[in-house]
Amino acid sequence: MVWLKLDKELIQKVAKNARLSLTESEIKEFLPQLKEILDSFSEIDKAPTKNVKPSFQPLEIKNVYREDKVEPSLTQEEALANTQHKEKGFFKGPRAI
Amino acid sequence: MKVKEYLKEVKNKKVSVVDTISSILEEAKKLNKEYNYFNTISENQALQQAKLIEKNPKGKLAGLPISVKDCLCVKDIESTAGSKILKGYKPPFTATAVQKAINEGAIVIGKTTQDEFGFGSFSINTELKPKNPYNKDRVCGGSSGGAAGFTAITKHPHIAIAESTGGSIVNPASFCGVAGLCPTYGLVSRYGLIDYASSLDKIGPIAKTIEDIQLMLSVISGYDPKESTSLKDNPKKDSKVKEIAIIKESLNINPEIKDLILSKVEKYELISLPTVKKYSIPTYYLIAMAEASTNLARYCGLRYGLHQELKGNFDDYFSSVRSSAFSKEAKRRIILGTFARMAGFRDAYYLKAMKVRSLIIEEYKKAFKKFDILISPTMPITAPKFSEVNKLTPLENYMMDALTAGPNLAGLPHLSVNAGFIEKMPVGIMYITNHLEENKLLNAKLT
C-alpha cells in the first residue's frame, strides 16, 4: 500500500480535481473520517493478488457491436428540455477561460 | 388482495383499475405525510393510464400499481435519485426495466425515496427520510428504503422496482419484512438508471411474496441492445436445490438473529468464506467510490437538474453548483473515489480492489461447486432507530454492508425474505446462488 499523509493540502487537491470546493468546516470534519476509512481499507493490501487478474466486471463481458446506422434518438427540443441555459438550440455554458 | 388474484380480476373486468389506482394514490399521499416513501407521486399520469387499461386490459401486469425507485428514469416524471442536484429533472425517456413493466400494463404511481444516488444503508442521506412501517422511530434500511417501506405497508396489490449496488435491495427488504431479489449482474438492463457504480448496479423487484418477485423478474429481465453490459443469457431452467450451506462467518452476530436464522433451515452444512469476510467491505467501497466519482462527474448544472446563474469560468461554475448540491456523504465518496483513481494511487487502491474482487468471486464459485444455495442473515441487526444511526461514523455505516457486499461484488443473485421478528422488528434471511441460477432461489420452498 502507498503510505501517504492525508492532510488538508491533499484533500483540497483531490477536491479540486473533482470540482468540489470544500469549506473549512467540511475539511475539518472529513479529514479524520477519511483517514479512518483509508486506514481500514488498507486491509486489502494483505490479500495475495500476485498473478491475479482484475475483475472489472463480475461476469465476463464481451464487446458489443452494432451496424453503424442512424437510429431515432432524442430531438433537439427534448435534449434541451431540462436546461435553463440555452440559446438558439444550443446549451449555453460558462466561460471556458 | 394478492397481486395474482387482482390481475385475474382485472382481466375478467371484475375490478376497476381506475378505482384501485385512485385508492392506492390516496393511500400513498396520506402515508407520505407521515412516512416519506415517495419523492414524487405521479397522480395524473397514473390515472390517465388506468383509464386506458381499464378499457383494454392487456399484458402480464395489466392494471398493476408499481412504484419505481427514484434513480430509475421515467419519462416526464421527476427523477432525482434522491439528490438535490437533480431537482426538477424530468427525463425525456424511460428506463428499459420500467418500460418493459409499462408495456405489460403496469401503472407507475410514483418514485420512491432513497439515499442520494444509493449512498447509504439507511435512507437517511437524503431530504425525505422514509420511516419503518413497524416503528416510525426506526429506519427502513437503504438505499431502496421507500420501496421496501411502501411495499410492506400498502393495503393494495403492488410491486416495487428497486436497485442494488452493495445491498440496497435486500437490506431494506430485511428491515421492512418483505421479499427482495437482487438478480445476476446484467440480467436486467441498466439503461435509464441513474448510475451509482456501473460494475455493481443491478435492478430488481421488492414485493410481498416470492411469487410476485418471480412475476416482475420475468417481465423486466432480458437482453437490451441499448446497454453494453446486458446479458444475452436467460436464467437457467434447473431449479432443483440439493445442497445448502450456511456461511459460517455470518453467524458471528446477535445470538437472537443467529438462532432465528438457524431455525429456518432444516438440513445444512457450514461453509467458511474467509476472503469474502475479510475483504468484501474495503473492496466493495473502493470500487463503488471510484466508479461513483466518475459517474457523478456529469452533474454540473448545465444540461439538467439544479442550475445557478452562469457566473465565472466553467471551473468556478461547476464547482459552485456541485458544492452547493451534493450531500456530505456524496462529497466524501467523490473525494475517496477520485483519490483511489489518481496517478500514483490507482494501482494500490483501485486496481488492487479489482484483483481482490477476482479472489472473492473465485471463493464463491468454489463453494457453488458443492452447494446450490448459501445462506446468511441479510443484516447483522434489525432496523435501528434514527437516533442510533445518527451517531455512527461513516466507517461504521459502511460496516453495515458486511453480509451484503460479497454477493453484490460478485454479481450473484441473492434474495431476502422475512424469517420472523425480534422485539416486533422483522429479520431477513438471505439466500445466495450462482450466476443465472435465480430459479433455484425463486422455486425452492424457502421459509
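The structure this text deals with has already been given above.
Bear in mind the structure is a predicted one, so any value in this text is a computation, not a measurement. (Residues numbered from 1 in each chain as written. Chains lettered and ligands numbered in written order. Predicted model: local features only at pLDDT ≥ 70, side-chain atom pairs only at ≥ 80, totals over all residues. Heavy atoms only, no water.)

A word on helix α5 (residues 145-153) of chain B
Residues and elements named next belong to chain B. With 8 of 9 residues buried, α5 is to be regarded as a mostly interior element. Regarding α5, the residues found buried are Gly145, Gly146, Ala147, Ala148, Gly149, Phe150, Thr151 and Ile153. The inward-facing, buried residues of α5 contact α2 (17-35), β1 (38-41), β3 (107-112), β6 (159-164), α6 (170-176) and β8 (202-207). (Buried < 20%, exposed > 50% of the residue type's maximum accessible area, 1.4 Å probe, protein only. Helix = DSSP H or I, 4+ residues; strand = E, 2+ residues; numbered from the N terminus. Contact = heavy atoms within 4.5 Å.)

Section: the pattern of salt bridges
Residue and element names in this part refer to chain A. Tallied over the entire structure, the rule returns 22 salt bridges over all chains. In this structure, Glu87 and Lys92 form a salt bridge, with 3.3 Å as the shortest nitrogen-oxygen distance. Given the relative accessible area of 42%, Glu87 is considered partly exposed. Lys92 gets classed as partly exposed once you look at its relative accessible area, which sits at 39%. (Salt bridge = Lys/Arg side-chain N within 4 Å of Asp/Glu carboxyl O.)

Here's the deal with the packing of aromatic side chains
Residue and element names in this part refer to chain B. The final tally for this structure, using the stated rule, is 20 aromatic pairs over all chains. Chaining the aromatic ring pairs together yields one cluster made of Tyr89, Phe117, Phe119, Tyr196, Tyr299, Tyr304 and Phe326. Stacked on the ring of Tyr35, the Lys or Arg Lys136 has its end atom at 5.7 Å from the ring centre. The lysine or arginine in question, Lys232, covers the ring of Tyr223, its NZ or CZ lying 5.0 Å from the ring centre. (Phe/Tyr/Trp six-rings, centres within 6.5 Å; stacked < 30°, edge-to-face > 60°. Lys NZ or Arg CZ within 6 Å of the ring centre and 35° of its normal.)

Quick look at the nonpolar core
Residues and elements named next belong to chain B. Ranked by size, the top nonpolar core spans 172 residues in total, and within it Phe117 and Leu374 carry the most contacts. With 12 residues, the top contributor of residues to this core is helix α12 (residues 347-370). If near-sequence neighbours (up to four positions away) are discounted, Phe117 is found in contact with Ala81, Ser83, Ile85, Leu86, Ile194, Asp195, Tyr196, Leu296, Tyr299 and Phe326. Ranked by size, the runner-up nonpolar core spans 10 residues in total, among them Ile124, Val139, Phe386 and Val389. (Core = buried A, V, L, I, M, F, W, Y, C linked by side-chain atoms within 4.5 Å.)

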